[in-house]
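Architecture and fold: a report
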Amino acid sequence: MIWVNTVVQGILLGGLYALFACGLSLMFGVMNVINLAHGDLAVSAAYIAIGVVAVTHVPAALSFLIVVPIFAVIGYVVQRTLFQAALNRSVLTTLLVTFGLSVVIENGLQQYLSANSHSIDIGSLVSDSFGIGSQITIAYLDLVVLMVAVVVLLGLQYFLSSTANGRLIRAVADDPEAAQLSGVSYRHVFGLAAAIAFGTVALAGLASGMMSQFGPTTGTDTLLLYAFEAVVIGGLGSLWGTLAGGILLGVAQQIGAQFSAADQVLAGQLLFLAILVLRPQGITSRREPA
Amino acid sequence: MSELTGGPPLLQVRRLSVHHGQLQALRGVSLSLPAGNVQAMIGANGAGKSTLLRTIAGLHRPTAGSILLDGSDLSRMRPERRVAAGIALVPEGRRLFPSLTLQENLLVGRTSARPGPWNLDRVYDLFGWMRDRRSQHAAQLSGGEQQAVAIGRALLSNPRVLLLDELSLGLAPVVVRRIYDLLPQLIASGLTILLVEQDVSQAMRVASWVHCLLEGRITLAGAPADLTPAQIEGAYFGIGTGNGNGNGAPDGTTAAASGRPGSEGTPGAIA
């Protein structure tokens, strides 16, 4: 029974990782931007949520209604300005620019908001849970986050496959120049994709900030790494692969934690390395790695 | 512009020069394309034919010269804005979106569409086989089918000028002929066409005016009926007489003097 609980907790954790990873996967899949500031953006979203709650007194659990749209707008603007300017030079430049952005965000947070840890206070919601049998305990918050992740991925899947803008995003991901020749402003479409990616990473940052403590360095130290691992394990360019990757990573970490708390992260890295060696295209991708 | 034929040409290219880094791909190319015309660019590999079409479509920035559509200058416009203005390029190698279905590929072409006769149904009527296979992925289509979809995608923007780059590339001659046989229908719908073709006989068959490009310059231009094989050979390979002095066609005059194919009295002009 203890192992069943371990797997259940891993799946619940995997939802959060998938939420983190889908924005990273989208930015890379559509515009070849490897966003090294991804984790820091998530942390910034959590800080902003604390600020929003302090100022507007909305319930913390509903802060996403304000923070996610803010981040979508920021995403569009950053893509159209900073990232596009980098893309016009080279893909390597975008890597340096996002790395720089990561450093700026992290140090900005340290400088102005101190290195102290925070969390988004949602009161008793954070610890409420229900049991199945005597061994399995499921926290409502974890379950909600997993459901949010699934709903976001379903929504994204629908958006990409069945709407006009989603079609343009796929077209631009295939061939930006041919899209331009068909009358598509690929810069605008890149902006839309970045808006979605920033929106989802904000959501993930809030979920993470409600579940655990965070500080200015949490973004690069843990969140970015987990997002990368989920993407690599699942396989690039597949939303469901991202979910599967997140869940596998979560399960591996929980199994590791059964042995000792220190093994939690290690087990995840070992799975990540094993996938890289044995199946570098990811578990769901049909494409052979280049 | 005052022209011999009266009324400005629909598309005008004036003394266009384009560099790829150190290499000069086009050296002062001029041409003018009256509405309803089919004109062809022929020339060897690397002569600058595709560069010319891509520059007109906005993918290359010219170092000198200008491109006018109906008298207004497009030179500073982005490619997608030029589509909205009425220029559509069917690029070399088709360039369909492989992960999109046939119909989705066509629909992308509608993004900056002008009002006009072309819609999904009309494209499906033009290419009878497409309707039944509209949900197939573009990557599953044969080369000829992909070429048809690429043309359909361009038509859905309702262009005024259609630029066709090497339609015949990698296709069987019978397929190429079938595609070129559609051009009269496209012209009847109000289109004006500038095409690039390595297959000289195909170009001579469909075009009312042919330009030969050699090392970035137009070395010969004229109505197909008035050009002798020897002239074309000379212009194509840069041998013999009548070329090498490096002058592009003077602004606008070549096409302005052309009239229709088969009209008498048009000398086989060596530009």
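Residues numbered from 1 in each chain as written. Chains lettered and ligands numbered in written order. Predicted model: local features only at pLDDT ≥ 70, side-chain atom pairs only at ≥ 80, totals over all residues.

1. Digging into the overall build of chain A
The secondary structure content of chain A amounts to 11 helices and two strands. When the elements of chain A are put in sequence order from the N terminus, they spell out α-α-α-α-β-β-α-α-α-α-α-α-α. Scaling as 2.2 N^0.38, a compact globule of 290 residues should have a C-alpha radius of gyration of about 19 Å, and chain A matches this with 19 Å. Overall, the C-alpha framework of chain A stretches about 60 × 50 × 35 Å when taken along its three principal axes. (Helix = DSSP H or I, 4+ residues; strand = E, 2+ residues; numbered from the N terminus. Rg over C-alpha atoms; globule rule 2.2 N^0.38 Å.)

2. Things to note about the sheet that holds strand β1 (residues 11-20) of chain B
Judged by pairing direction, the sheet is antiparallel, and its four strands sit side by side in the order β2-β1-β4-β5 (chain B) without closing on themselves. Each end of this open sheet is capped by a strand with a single partner; those strands are β2 (23-33) and β5 (72-73) of chain B. (Pairing = 2+ DSSP bridges.)

3. Observations concerning unusual backbone geometry
For A:S114, which is not glycine, the phi dihedral falls at a positive 65°. For A:S114, the position within the fold is in the loop between α4 (91-113) and β1 (129-132). Even without being a glycine, B:R15 presents a positive backbone phi close to 45°. Within the fold, B:R15 resides in strand β1.

4. Re the interface of chain B and chain A
Taken together, the 22 residues of chain B in the interface contact 15 residues of chain A. Counting residues per element, the ones that place at least two in the side of chain B that touches chain A are α2 (79-85) and α3 (102-108) of chain B. Ranked by the residues each element gives to the side of chain B that touches chain A, the list is headed by α2(B), at four residues. Residue composition of the side of chain B that touches chain A, by class: 13 nonpolar, five polar and four charged. (Contact = placed C-beta atoms within 7 Å. Nonpolar A, V, L, I, M, F, W, Y, C, P; charged D, E, K, R; others polar.)

5. Comments concerning helix α6 (residues 164-174) of chain A
Residue pairs spaced three or four apart in an α-helix point in one direction, given the helix's 3.6 residues per turn. Burial analysis of α6(A) places eight of its 11 residues in the buried class, the great majority of the element. Here the buried face of α6(A) lies against α1 (2-31), α5 (140-162), α7 (176-181) and α8 (186-211) of chain A together with α3 of chain B. (Buried ≥ 20, exposed ≤ 12 C-beta atoms within 10 Å, placed from the backbone.)

6. A closer look at the environment of B:A154
Residue and element names in this part refer to chain B. On the secondary structure map, A154 appears in helix α5 (residues 143-155). According to the C-beta neighbour criterion, A154 is buried, with 27 such atoms within 10 Å. A sequence separation of 59 residues divides A154 from R95, and the C-alpha atoms of the two residues are 11 Å apart. Among all residues touching A154, those that are not within four sequence positions of it are A88, V90, G109, P159 and L162.

7. Brief notes about the sheet that holds strand β8 (residues 192-196) of chain B
Residues and elements named next belong to chain B. Spatially, β6-β7-β8-β3-β9-β10 is the arrangement adopted by the six strands of the open sheet, whose pairing is mixed. Where the open sheet ends on each side, the last strands, each with one partner, are β6 (87-90) and β10 (217-222). The sheet shows a mean angle of 20° between the axes of neighbouring strands, direction not considered. Bridge count for β6 against strand β7 (residues 161-165) is four bridges, and the pairing is parallel. Bridged to V90 within β7 is L164. The sheet contacts of helix α9 (residues 229-237) involve β3 (38-42), β9 (209-214) and β10, and relative to β9 the element is tilted by about 35°. (Axes fitted to C-alpha atoms, helices over the stretch in contact; angles between N-to-C directions.)

8. Quick notes on the nonpolar core
When a protein is soluble and globular, its nonpolar side chains tend to lie buried together. If you look at the biggest cluster of nonpolar residues, it comprises 169 residues, and the most contacted ones within it are A:F20, A:A45, A:V172, A:A193, A:L206, A:A227 and B:L163. Ranked by residue count, the leading element in this core is α8(A), at 17 residues. Apart from the residues within four sequence positions on either side, A:L206 is in contact with A:A45, A:A46, A:A49, A:S63, A:F64, A:V67 and A:I120. (Core = buried A, V, L, I, M, F, W, Y, C linked by C-beta atoms within 7 Å.)

9. Description of the pairing of β9(B)
All names here are of chain B. A large share of β9 lies buried, amounting to six of its six residues. Both faces of β9 are covered, namely the face carrying W209, H211 and L213 and the face carrying V210, C212 and L214. Alignment of β3 against β9, held across four bridges, turns out to be parallel. What sits directly across from M41, in β9, is H211.

10. Things to note about the confidence of the model for chain B
All names here are of chain B. Confidence along chain B averages 86 in pLDDT terms, with 86% of residues attaining 70 or more. This stretch, residues 1-6, has a pLDDT under 50; its non-local contacts, to residues over four places away or in other chains, come to 10 contacts. Low pLDDT, under 50, characterises residues 242-271; the predicted model gives this stretch 77 contacts beyond four residues in sequence or across chains. (pLDDT = per-residue confidence, 0-100.)

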